[in-house]
Amino acid sequence: MKNDKMISVNNALSVDLGGQICTGSIGFRHFSGTGGHVDFVRGASQSKGGKSFVAMPSTLEKKGVLQSKIVLSLPEGAAVDTLRSDVQYVVTEYGCVNLFGDDLPTRAKKLISIAHPSFRDQLTFDAKKAGIIY
């Protein structure tokens with residue numbers, strides 16, 4: 001954050017509708033080692049003129065089934081590597097949203113807008129059912 005206009009670009013395994021980022025596990029299954037994800041997110045977002053991006057594809061294919069990487073909530077056992085209060089920009093092939101400082105309903109709506117179109121209706125339904133959006 002001491003470097004003006006610092007830009008960071010990180011990846012993620014999944015993000016929940018609150019903006020919590022998981023980079024290291026798939027449920028209880030360890031996927032990658034600890035790294036500097038949160039350090040770069042915080043450093044860039046707090047840098048004068050800096051920006052932090054978490055870029056990921058909106059889906060993954062597992063055993064021939066397409067799954068959304070933007071989810072209502074992270075699965076049991078998933079490690080939250082970056083807190084929602086630290087996340088700035090989230091990018092998928094469907095767009096880029098700035099979550100920094102937004103309340104939970106606004107975050108959810110923004111994240112749904114960059115989810116794969118096949119999952120947007122279900123994510124909206126689930127978010128309403130959970131009381132996240134009205």
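Scroll up a little and you will see the structure.
This text gives an overview of the structure that appears in the document. Here the structure is a predicted model, which is why all the values come from computation and not from measurement.

## Focus on the packing of aromatic side chains
Okay, step 1: Tallied over the full model, the rule gives one aromatic pair.
Okay, step 2: Ring geometry for Phe53 versus Tyr89: centroids 4.8 Å apart, planes at 20°, classification stacked. Of the two residues, Phe53 sits in strand 6 (residues 51–55) while Tyr89 sits in strand 10 (residues 89–92), which places them 36 residues apart along the sequence. Here Phe53 and Tyr89 have matching classes, each one buried.
Okay, step 3: The ring centre of Tyr94 lies 5.5 Å from the NZ or CZ of Arg120, which sits over that ring.

## Quick word on the side chain of Ser58
Okay, step 1: Mapped onto the secondary structure, Ser58 falls in the loop between strand 6 and strand 7 (59–62).
Okay, step 2: Only 2.8 Å separates the side chain of Ser58 from the side chain of Glu93, close enough to count as a polar contact.
Okay, step 3: The contact partners of Ser58, leaving out residues within four places of it in the chain, are Gln67, Ser68, Lys69, Ile70, Thr92, Glu93, Tyr94, Ile114, Ala115 and His116.

Definitions and limits used
Just so you know, the residues in each chain are numbered from 1, in the order the chain's sequence is written. For this predicted model, a pLDDT threshold of at least 70 governs which residues receive local features, and a threshold of 80 or more governs which side-chain atom pairs are given and counted, while totals over whole chains, interfaces and linings are taken from all residues. Only hydrogens and water are set aside when side-chain values are computed; all heavy atoms of the structure are taken into account. Pairing of aromatic side chains here covers Phe, Tyr and the six-membered ring of Trp, requires ring centres within 6.5 Å, and sorts the geometry by plane angle: under 30 degrees stacked, over 60 edge-to-face, intermediate tilted. Going along the chain from the N terminus, every DSSP run of H or I of four or more residues is numbered as a helix, and every run of E of two or more is numbered as a strand. Accessibility here uses a 1.4 Å probe with only protein chains present; expressed as a share of the type maximum, an area under 20% marks a residue as buried, one over 50% as exposed, and anything in between as partly exposed. Think of it as a cone above the ring: NZ of Lys or CZ of Arg counts as a charge over the ring if it is within 6 Å of the ring centre and within 35 degrees of the ring normal. Whenever two N or O atoms come within 3.5 Å, that pair is a polar contact, provided that in protein one can donate a hydrogen and the other can accept it, and provided that, for residues adjacent in sequence, both atoms are side-chain atoms. In this description, contact between two residues means that some pair of their heavy atoms is separated by no more than 4.5 Å.

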